[in-house]
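Remarks on the overall topology
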Protein chains: 2
Amino acid sequence: MKIAIAGYGNLGKAALEAALGEKDVSLVGVFSRRNVKNLSVPDGVSAYPFSQIADFKGKIDVVLNCMGSARDLPKTTPFLASFFNVVDSFDTHARIKEHFEKTDSAARKAGTTAIVSVGWDPGLFSLSRLYMKSVLAEPVVHTFWGKGVSQGHTDAIREIDGVLFAREYTVPVEAAVEAVRNGKSKNFSEKQLHRRICYVVPKENADTAAIESEIKNMPEYFKGYETTVNFITLDEFLSEHQSMAHAGNVIGIGRGKEGTNRLEFSLFASSNPELTARILLAFSKACVRLNGRGEKGCKTVFDVRPSDLLFDGEKERFLIL
Amino acid sequence: MKIAIAGYGNLGKAALEAALGEKDVSLVGVFSRRNVKNLSVPDGVSAYPFSQIADFKGKIDVVLNCMGSARDLPKTTPFLASFFNVVDSFDTHARIKEHFEKTDSAARKAGTTAIVSVGWDPGLFSLSRLYMKSVLAEPVVHTFWGKGVSQGHTDAIREIDGVLFAREYTVPVEAAVEAVRNGKSKNFSEKQLHRRICYVVPKENADTAAIESEIKNMPEYFKGYETTVNFITLDEFLSEHQSMAHAGNVIGIGRGKEGTNRLEFSLFASSNPELTARILLAFSKACVRLNGRGEKGCKTVFDVRPSDLLFDGEKERFLIL
């Protein structure tokens, strides 16, 4: 299978590593909008300007679009779908439908297959929510994220005056997790499920009290959440707050005659981009299969038969079952 | 959707309750090989002899085959597939391939769709294993069952001389669960993963030391496992050991650059037949959809698109995603 990687940030780099480790994958190259001369790709890997990717039509089975979710994917995934099969990890939940429809239109015209919003949430967590809601009676399904960095919240802090560096960790409220697990709450608000822990490196002479107050009162992002703000040195920031680990769990409770029935899916990623890249890679193989079978247009993880992820032949099917 | 239930043991009764609670399901009836006059079905539910089920051809969209796995399903599922779409929960892992092939042959001839081995293991646990093996690097996936009753082990104890009643609980070895979760073992044998706790009501004047020794030395079933045998009174047996609860988890560990990536799916069923019946019911709806789309023959949970389990319209798809 001939794959290409578009975008060479954390996710693109992780996708490259994942692809290089697979026997049945050959890598056409990395496509970036940065000056490709400055890209540090491993020996033997080709890097091309993204603007030239259309010239590779017919030479790529599937593109892993690893560009930024918020700004880049809404444009580049429909564009790529006009030429290639493509998978992406678009993760702005509220805008998935719009992204899906634009990509679907492009893919149908071109006869390609796209799978959008592939990763762990949306992705594996979506699958968990779906299976739980399908099989439980009167299902109550909650999703917890963390402990892990929220890029959006981190960016919001960095825009505050006097902030040099910052990092926000979203952490599930353990008492809420336990209450959900024990079937004791149906009506937690989002703000009761998570707390927010911020680490801030202030600029010299910055007013830390003002920064703390501005963070804690920021509507939508922090206000109403249990929020802790820690001011730290640059050294501590660089040594203690570089991890890309993330975690989360989906808990589903169903009514039962003799109590509740509970399903839970949990995840710990020592590297968030690494796990997301591996999920993208698995679904990119399925994407090529779907297209080969004539299933064209835009799809999500919900449209992929689990068996399309099996690649060690039909023998494996009965071993895993 | 017109469904019928074949078999009226614990699973059949739970399937009936699940079906009666669904708005979009109409129940044709319960089909049993016992004398239907003696079946205690709820008011308004029809009970018919199983021998008459073929007369209902064209009047049933899907049959939930809830008969015994070991002895009944290998015969009755291929038989039912000659007339109807059918789902079952065949759970003898080593024989699924054979069962699949016999059912496939019958279903293809008749133009019906069957989904076999639907439940939590095989079923939801199989799906977890598949997704984990597909997305993790160098995946190591372990399955733990329990705490819950193993019917096979319970039956084995009941055949021993001097045993009046018995129950065997399979329990994961907590230290093994933790070691697997922490990525510390790749090579646990089955006997290191689970222990076995037995409750036995001896017959009057039975030789309990001999019973205990016979249990602990029974090859395959108990020998080599950490096994505890408790002798109890009939009263205690009836008051403390009737629960149909079960549990289990699937843990997958993948190699990562910065540590391991871990996925875990866990389940607690306050009633094992109740949860299994609900899973069967969800997949029975998908079975009818698959057949309507021309996807005939025998399938497993791996061949069902997750979206085929969604029944509140396409709107729900983007809410769950």
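My aim in this report is to walk through the structure given alongside it, one point at a time. Owing to the predicted nature of the structure, the values given are computational and were not obtained by experimental measurement. (Residues numbered from 1 in each chain as written. Chains lettered and ligands numbered in written order. Predicted model: local features only at pLDDT ≥ 70, side-chain atom pairs only at ≥ 80, totals over all residues. Heavy atoms only, no water.)

**Some words on empty space enclosed by the protein**
On inspection of all chains with the given rule, the structure shows three cavities of 30 Å³ or more. The volume enclosed by the largest cavity comes to roughly 200 Å³. Together, 15 residues line the largest cavity, and S128 and Y131 of chain A together with S128, Y131 and F265 of chain B are the ones closest to its centre. The set of elements that each furnish at least two residues to the lining of the largest cavity consists of α4 (124-135) and β13 (259-269) of chain A together with α4 (124-135) and β13 (259-269) of chain B. Sorting elements by how many residues they give to the lining of the largest cavity places α4 of chain A first, with six residues. Of the residues contributing to the lining of the largest cavity, the split by class is 13 nonpolar, two polar and no charged. (1 Å grid on protein atoms, 1.4 Å probe; cavity = no way out; pocket = protein on both sides within 12 Å on 5 of 7 lines; lining within 4 Å. Points joined across faces, edges and corners; volume = space filled by probe spheres on them. Helix = DSSP H or I, 4+ residues; strand = E, 2+ residues; numbered from the N terminus. Nonpolar A, V, L, I, M, F, W, Y, C, P; charged D, E, K, R; others polar.)

**Quick notes on the packing of aromatic side chains**
For any pair of aromatic rings, the description consists of the separation of the ring centres together with the inter-plane angle of the planes. Enumeration over the complete set of coordinates arrives at 22 aromatic pairs over all chains. Ring plane angle 55 degrees and centroid distance 4.8 Å describe the contact between Y48 of chain A and F56 of chain A, whose orientation is recorded as tilted. When its relative accessible area of 14% is taken as the criterion, F56 of chain A is described as buried. Relative to F84 of chain A, the ring of F83 of chain A has its centre 6.1 Å away and its plane inclined at 45 degrees; by these criteria the two rings are tilted. Residue F83 of chain A is classed as partly exposed on the basis of its relative accessible area of 25%. On the accessibility criterion, F84 of chain A (1% relative accessible area) is buried. Here R196 of chain A stacks its cationic end above the ring of Y225 of chain A, 4.2 Å away from the centre of that ring. Seen from the ring of Y169 of chain B, K147 of chain B lies directly overhead, with NZ or CZ sitting 4.8 Å from the centre. (Phe/Tyr/Trp six-rings, centres within 6.5 Å; stacked < 30°, edge-to-face > 60°. Buried < 20%, exposed > 50% of the residue type's maximum accessible area, 1.4 Å probe, protein only. Lys NZ or Arg CZ within 6 Å of the ring centre and 35° of its normal.)

**Concerning the pairing of β13 of chain B**
Note that β13 of chain A and β13 of chain B share nine bridges and pair antiparallel. Note on β13 of chain B: the bridge partner recorded for F265 of chain A is F265 of chain B. Of the strand pairs in this sheet, strand β12 (residues 246-256) of chain B and β13 of chain B are connected by eleven bridges, and their pairing is antiparallel. In the strand pairing of β13 of chain B, A247 of chain B is matched with F268 of chain B. Between the end of β12 of chain B and the start of β13 of chain B, which pair antiparallel, lie two residues. (Pairing = 2+ DSSP bridges.)

**Notes on the relation of the copies chain A and chain B**
Taken as rigid bodies, chain A and chain B are interconverted by a rotation of 180 degrees and an axial shift of 0.0 Å, the fit giving an RMSD of 0.0 Å. The two molecules are tied by a two-fold rotation axis, judged by turn and shift. A share of 100% of the interface residues of chain A reappears at the interface of chain B, consistent with the copies meeting face to face through the same patch. (Least-squares fit on C-alpha atoms with pLDDT ≥ 70 in both. Contact = heavy atoms within 4.5 Å.)

**Here we look at the sheet that holds strand β2 (residues 26-32) of chain A**
Residue and element names in this part refer to chain A. Taken in spatial order, the seven strands make up an open sheet running β3-β2-β1-β4-β5-β6-β14, and their pairing is parallel. Since the sheet does not close on itself, it has two edges, and those belong to β3 (47-49) and β14 (297-299), each with one partner. When strand polarity is set aside, the average angle formed by the axes of neighbouring strands in this sheet is 25 degrees. Bridge count between strand β6 (residues 113-115) and β14: three bridges; the pairing is parallel. Pairing of I115 across the sheet is with K299, part of β14. (Axes fitted to C-alpha atoms, helices over the stretch in contact; angles between N-to-C directions.)

**A short note on the pattern of salt bridges**
Overall, the coordinates contain 42 salt bridges over all chains when judged by the stated rule. The partner of R293 of chain A in a salt bridge is E295 of chain A, with the nearest N and O atoms 3.0 Å apart. A residue is classified by how much of its surface remains accessible, and R293 of chain A, at 41% relative accessible area, is partly exposed. Note that D24 of chain B and K285 of chain B form a salt bridge whose closest N and O atoms lie 3.6 Å from each other. Here D24 of chain B is found in the loop between α1 (10-20) and β2 (26-32), whereas its partner K285 of chain B is found in helix α10 (residues 272-292), with 261 residues between them in sequence. Given a relative accessible area of 36%, D24 of chain B falls into the partly exposed group. With relative accessibility at 9%, the residue K285 of chain B sits in the buried group. The network of salt bridges with common partners includes R289, R293, E295, R305 and D308 of chain A together with R289, R293, E295, R305 and D308 of chain B. (Salt bridge = Lys/Arg side-chain N within 4 Å of Asp/Glu carboxyl O.)

**Remarks on the side chain of H194 of chain A**
Residue and element names in this part refer to chain A. With respect to the secondary-structure elements, H194 resides in strand β10 (residues 194-202). On the basis of relative accessible area, H194 is assigned to the buried category, the value being 1%. A polar side-chain atom of H194 sits 2.9 Å from the main-chain amide nitrogen of W145. Discounting residues that sit within four places of it in the chain, H194 has contacts with T143, F144, W145, T170, V171, P172, V173 and Y225. (Polar contact = N/O pair within 3.5 Å; in protein donor to acceptor, adjacent residues only side chain to side chain.)

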